[in-house]
Amino acid sequence: MTNIAPHDLHELLSLEAVRRHHILDIPQDGCFDAPAELVRRFLGCKAAVVSILDRDGVFLMAHPGLSVDRVGAEPGLCASAVMQDEPWIVEDAMIDPRTFANPLVAGEAGLRFYAGIPLRTADGHNVGVLAALDFQPRRLSDEELGTLKLIAGVVVSMLELRLAAWVRIAQAQVRGALTDS
């Protein structure tokens, strides 16, 4: 049996959870737009995202305030946040050693603030991030952080409901195929 590093195993299990939930298989229907917009308005920040990480990159399922819907697979803010068990907060990205070299920080975009809450499925795998982004440094109050966690929980509930619907549809199709034969 091959030894797999804990980090690699974590990533493999998270990628499997993305596939099992069929998150990227369903056409974008806008269901994640409201939670992302709620985060943007609540914090008064420039942008918010609901992102899902896959082997091919970071897919922004909702992204009010940003004009991109996908980011490359190289390590970045959402890719770093999804690996955490707790919120990943960057109050000033230009001076934070974890982020100051990131192209979104050092480049034209000039990102300064990032607050990412990992989206953890019911079976314990992080599949994405609910994040707030801004172009000025800022601090989150305990209340703001608590509200972000609450909204992230709503997003996860939406993912779990979509999975339950997917399973029910598949079961109905199987039952239908069995009764037709």
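Here the structure is a predicted model, which is why all the values come from computation and not from measurement. (Residues numbered from 1 in each chain as written. Predicted model: local features only at pLDDT ≥ 70, side-chain atom pairs only at ≥ 80, totals over all residues. Heavy atoms only, no water.)

Caption draft 1: Expanded view of the packing of aromatic side chains. Applying the stated criterion across every chain, the model contains one aromatic pair. Seen from their ring centres, tryptophan 88 and tyrosine 114 are 5.9 Å apart, and the 70° between their planes marks the pair as edge-to-face. Here tyrosine 114 lies in strand β5 (residues 113–120) and tryptophan 88 lies in strand β4 (residues 88–90), a separation of 26 residues in the sequence. As far as the burial class goes, tryptophan 88 and tyrosine 114 line up, both buried. One cation-aromatic arrangement involves arginine 138 over phenylalanine 113; the distance from NZ or CZ to the ring centre is 5.4 Å. (Phe/Tyr/Trp six-rings, centres within 6.5 Å; stacked < 30°, edge-to-face > 60°. Helix = DSSP H or I, 4+ residues; strand = E, 2+ residues; numbered from the N terminus. Buried < 20%, exposed > 50% of the residue type's maximum accessible area, 1.4 Å probe, protein only. Lys NZ or Arg CZ within 6 Å of the ring centre and 35° of its normal.)

Caption draft 2: Main features of the environment of leucine 145. On the secondary structure map, leucine 145 appears in helix α5 (residues 142–180). When sequence neighbours within four positions are dropped, the list of residues in contact with leucine 145 reads Pro87, Ile89, Ile117 and Leu140. (Contact = heavy atoms within 4.5 Å.)

Caption draft 3: Structural view of the pairing of strand β6 (residues 126–134). The buried fraction of β6 is high, at nine of nine residues. Pairing of strand β1 (residues 47–54) with β6 involves six bridges; the strand directions are antiparallel. Note on β6: the bridge partner recorded for isoleucine 52 is glycine 128. Across eight bridges, the pairing between β5 and β6 is antiparallel. Looking across to β6, one finds that tyrosine 114 is bridged to leucine 133. The hairpin turn running from β5 into β6, its antiparallel successor, is five residues long, and glycine 124 in that turn takes a positive phi close to 90°. (Pairing = 2+ DSSP bridges.)

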